[in-house]
Amino acid sequence: MKNTVTVYTAISSDINKVWDLWTLPEHIVKWNYASEEWHTPRAENDLRKGGKFTSRMEAKDGSFGFDFWGIYDEIEIYDHIFYTLGDERKVKVTFSRNEDKTIVTETFESESENSPELQKTGWQAILDNFRNYAESI
């Protein structure tokens, strides 16, 4: 991987449940946003090597939106997901246990339009939303 950024969180939940909440579209639409002004009205996920995922991310006021998508390179259930984004950047997501918590770690190649710090803040905010959602169910 090129210049990378890493974010992570510890979730008080079983790894099987965390995996399902991370990968099933009906759950992705409930946590995949960086702030309350945004939402994900739809998500699709073909969770297999070579499969494609897409999440439509939009400002709630309708002022801006984009499709976040990629192709899966490698998947090991309950352990890791590696994929390539539409702009060719690589992403690694790992799932591990630490006592009674599931640790989700994302490492991604940074893009050149925004600073690595800004990218880290945005990806961490989404991951924090995921943790809050996973712990609320």
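Residues numbered from 1 in each chain as written. Predicted model: local features only at pLDDT ≥ 70, side-chain atom pairs only at ≥ 80, totals over all residues. Heavy atoms only, no water.

**Q** Sorry, what's going on with helix α1 (residues 15-23) here?
**A** Since the α-helix turns once every 3.6 residues, residues separated by three or four places project in the same direction. Residues of α1 that are buried include every one of Ile15, Val18, Trp19, Leu21, Trp22 and Thr23, and no others. Two or three places before Asn16, at the start of α1, stands the capping residue Asp14, its side-chain oxygen 2.9 Å from that residue's backbone nitrogen. (Buried < 20%, exposed > 50% of the residue type's maximum accessible area, 1.4 Å probe, protein only. Helix = DSSP H or I, 4+ residues; strand = E, 2+ residues; numbered from the N terminus. Polar contact = N/O pair within 3.5 Å; in protein donor to acceptor, adjacent residues only side chain to side chain.)

**Q** What's the story with the pairing of strand β7 (residues 101-109) in this structure? I'm lost.
**A** Two faces make up the sheet, and in a regular strand the side chains alternate between them. By the criterion of burial, β7 is predominantly enclosed, with eight of the nine residues buried. Summarising the sheet, strand β1 (residues 4-11) and β7 pair through eight bridges and their orientation is antiparallel. By the bridge assignment for β7, Tyr8 is matched with Thr105. Hairpin connection from strand β6 (residues 90-98) to β7: two residues lie between these consecutive antiparallel strands, with Glu99 at a positive phi of about 55 degrees. (Pairing = 2+ DSSP bridges.)

**Q** Is there a simple way to explain the nonpolar core in this structure?
**A** Across soluble globular proteins, nonpolar side chains have a tendency to be buried as a group. By size, the foremost hydrophobic cluster in this structure holds 28 residues, and its most contacted members are Trp22, Ile81, Tyr83, Val93, Phe95, Val104 and Phe130. Secondary structure elements with two or more residues in this core: β1, α1, α2 (25-31), β3 (52-59), β5 (80-85), β6, β7 and α3 (116-136). The element contributing the most residues to this core is α3, with six residues. (Core = buried A, V, L, I, M, F, W, Y, C linked by side-chain atoms within 4.5 Å.)

Everything listed here is a matter of coordinates, which is why it stays silent on function.
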